[in-house]
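Each chain, letter by letter, is given below.
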Amino acid sequence: MTSTRESIRQLLKPLQRARPRTPFWNIPAHRAPTLTLYRNLLKEAPTDAICFRIRMLWKRNRNLTSVEQTQNALRQGYKYLDIFHRANAGDAHLQDVLRRYSRLIDVRCEKEYWKYLLTKELVWRAKLRYRPILTGASFSPSPYHKPLPRMINQPVKLSQMIRWRIQAHLRRNERHQAYLETIADIRNECRTEAEVSRLLPPPVRDKTVFAGYYGEWTDVYKGQLSLISKAYDRANERAKTPFPQALLKQLKEARRERIRNKTKERVREIRGETTRSLGRRLRQRPPAHVLNQMTPEQRRLDEFARHPSEVGYTAIAKQRLGRGFKNPDAWMVEESREKKAELDAIAEAIRQQNKLKREADDRSISQDKSTMPP
């Protein structure tokens, strides 16, 4: 039976597929013709758009490791090369086909370009939305970080760094305590073994494990304690780091910028724009125990008094509730006698203009009626 199997194996051995040890993409018999095909495609391509497409296809297929997929890509390349040759030789139909193909590539490239610009703008807006903004305050130095500015949308990496250092400090404390306890245990073992060995006969007295080898047992732990001590020194240096002058100037400028922004926001609110902070302020109500004691009229006045205006009914509501005014004379802009006289004069001029315009319209209508045939 064994001889029969061996004879069948010998007969089938020439039919077995021989797998080379070197992959096909490293064999010169594959690389050289493929590179020649690529150069010829770029050379014979009729337009720059088609050259761009050839390069893109080449980059997409350059990492293929499947023999079947590589063969299909090469067949497609030789097909393109044959079409380029025939078009350059004067085939009008293929020239029209390649021109339409080139226009299609241009349109797709333009579409992808605009898509790229849109994506880039969206990414940039998302980045601006969550960008760190200095508040003007600061974090005092600690063993886990140096002086830092307080930020809205604090970077995640900064928070992760502080959290990692806190956890590392806790782990370091545990290891420090464990090493000290281990060294104390070794010291006790050495003392105990030394005391016991005095009671043994001389041949056995020298066969000790801990006594006489205290340094060898504790050198590793003392080395680790030295590293932990250096880490503690670095943490203390971080905690004692003074505020840099550049950071202090930056924080001062951030506070000034915050005041400027709030001032501009206040001006926009007075002009009638509803900002986010104004919306929150308008939605607020007094504390529950105060709101429960207020009458409906007081609640309505409180709702109007939360507006930033200091004139009109808002000013009346604030005055009835006993709230202060930043500009007590703001109401005089509308209710002063000089302003009233000026507004009355403007209104009278507008009435006279409207009266003259109506009289002119009436005269034109009467003239049209007189010229109409009976």
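These figures come from a predicted structure and were not determined experimentally.

Side note on the overall build of the protein chain
When helices and strands are counted, the protein chain shows 15 helices and two strands. Here the C-alpha atoms of the protein chain give a radius of gyration of 45 Å, more than 25% beyond the 21 Å that 2.2 N^0.38 yields for 374 residues. Considered along the principal axes of its C-alpha atoms, the protein chain spans approximately 135 × 100 × 50 Å. Among the 374 residues that make up the protein chain, the fraction classed as buried is 19%.

Quick word on the packing of aromatic side chains
Counted by the stated rule, this structure contains seven aromatic pairs. Ring geometry for Tyr-113 against Trp-114: centres 6.1 Å apart, planes inclined by 70°, an arrangement best described as edge-to-face. The ring of Phe-139 has Arg-150 sitting right over it, with the charged end atom 4.1 Å from the ring centre.

Quick notes on the nonpolar core
Grouped together as the largest cluster of nonpolar side chains are 15 residues, with contacts concentrated most on Leu-41, Ala-45, Ile-50, Ile-54, Phe-84 and Leu-98. Elements with a minimum of two residues in this core: helix 2 (28-44), helix 3 (48-61), helix 4 (67-88) and helix 5 (92-129). Setting aside residues no more than four positions away along its own chain, Leu-98 makes contact with Pro-46, Ile-50, Ile-83, Phe-84 and Ala-87.

Some points on the side chain of Asp-302
The residue Asp-302 is located in helix 12 (residues 296-305) in this model. Among the polar contacts listed, one links the side chain of Asp-302 to the side chain of Arg-306, at a separation of 3.1 Å. The contacts of Asp-302, once residues within four sequence positions are left out, are Pro-286, Met-294, Leu-321 and Arg-323.

What to know about the UniProt feature "domain: Complex 1 LYR protein" (unreviewed entry) in the protein chain
UniProt's entry tags residues 34-82 with the feature "domain: Complex 1 LYR protein" (unreviewed entry), counted in the numbering of this structure. Strand forms 0% of residues 34-82 and helix 84%; the C-alpha atoms that close the span are 15 Å apart.

Remarks on the pattern of salt bridges
Under the defined criterion, the tally for this structure stands at 14 salt bridges. For Glu-112, the salt bridge is made with Lys-115, and the minimal N-O distance between the two is 3.7 Å. Taken together, the residues span about one helical turn, with Glu-112 and Lys-115 both in helix 5 at a distance of three residues. The exposure class assigned to Glu-112 is partly exposed, which follows from its relative accessible area of 43%. Shared partners join several salt bridges into a network, and the residues in it are Glu-253, Arg-256, Glu-257 and Arg-260.

Quick word on the environment of Ile-183
Relative to the helices and strands, Ile-183 is located in helix 6 (residues 156-197). Between the alpha carbons of Ile-183 and Asp-219 there is a distance of 9.6 Å; along the sequence they are 36 residues apart. When residues no more than four places from it in sequence are discounted, the contact partners of Ile-183 are Tyr-214, Thr-218, Tyr-221, Lys-222 and Leu-225.

What to know about the packing of helix 2 against helix 4
Where helix 2 meets helix 4, the closest approach of the two axes is 10 Å, and the angle between their N-to-C directions is 35°. In this structure, helix 2 crosses over helix 4, and the sense of that crossing is left-handed. Facing helix 2, whose interface residues are His-30, Pro-33, Thr-34, Leu-37, Asn-40, Leu-41 and Glu-44, helix 4 presents Thr-70, Leu-74, Gly-77, Tyr-78, Tyr-80, Leu-81, Phe-84, His-85 and Asn-88. For the contact of helix 2 with helix 4, the per-class residue count stands at eight nonpolar, seven polar and one charged.

What about the packing of helix 3 against helix 5?
It is at 8 Å that the axes of helix 3 and helix 5 come closest, and there the two elements cross at 70°. With respect to their mutual orientation, helix 3 and helix 5 come out roughly perpendicular. With respect to the hand of their crossing, helix 3 and helix 5 are arranged in left-handed fashion. Contacts between helix 3 and helix 5 pair Ala-49, Ile-50, Phe-52 and Arg-53 from the former with Leu-98, Tyr-101, Ser-102, Ile-105, Asp-106 and Cys-109 from the latter. Looking at the contact of helix 3 with helix 5 residue by residue, the class counts come to seven nonpolar, one polar and two charged.

With respect to a nonpolar patch on the surface
On the surface, Ile-8, Leu-11, Leu-12 and Leu-15 cluster together into a nonpolar patch covering about 450 Å² of accessible area. With respect to the helices and strands, the residue Leu-11 is situated in helix 1 (residues 2-12).

Things to note about helix 13 (residues 312-321)
For helix 13, the set of buried residues is Thr-314, Ala-315, Ala-317 and Lys-318. With its buried residues spanning 160° around the axis, helix 13 presents them on a single face. Exposed positions of helix 13 whose direction lies more than 90 degrees from the buried face are Gln-319 and Arg-320. Contacts made by the buried residues of helix 13 are with helix 12. Among the residues trailing helix 13, Gly-322 stands out with phi positive, at a value near 75°.

Rules behind the numbers
- Residues numbered from 1 in each chain as written.
- Predicted model: local features only at pLDDT ≥ 70, side-chain atom pairs only at ≥ 80, totals over all residues.
- Heavy atoms only, no water.
- Helix = DSSP H or I, 4+ residues; strand = E, 2+ residues; numbered from the N terminus.
- Rg over C-alpha atoms; globule rule 2.2 N^0.38 Å.
- Buried < 20%, exposed > 50% of the residue type's maximum accessible area, 1.4 Å probe, protein only.
- Phe/Tyr/Trp six-rings, centres within 6.5 Å; stacked < 30°, edge-to-face > 60°.
- Lys NZ or Arg CZ within 6 Å of the ring centre and 35° of its normal.
- Core = buried A, V, L, I, M, F, W, Y, C linked by side-chain atoms within 4.5 Å.
- Contact = heavy atoms within 4.5 Å.
- Polar contact = N/O pair within 3.5 Å; in protein donor to acceptor, adjacent residues only side chain to side chain.
- UniProt positions renumbered as here; feature names shortened; annotations may be inferred.
- Salt bridge = Lys/Arg side-chain N within 4 Å of Asp/Glu carboxyl O.
- Axes fitted to C-alpha atoms, helices over the stretch in contact; angles between N-to-C directions.
- Left-handed = near helix turned anticlockwise from the far one by under 90°.
- Nonpolar A, V, L, I, M, F, W, Y, C, P; charged D, E, K, R; others polar.
- Parallel < 35°, antiparallel > 145°, perpendicular 65-115°, else oblique.
- Patch = residues over 30% accessible without salt bridge, like charges linked within 9 Å, V, L, I, M, F, W, Y side chains within 5 Å.
- Areas by Shrake-Rupley, 256 points an atom, 1.4 Å probe, with all protein chains shown as cover.
- Arc of directions from axis to C-beta.

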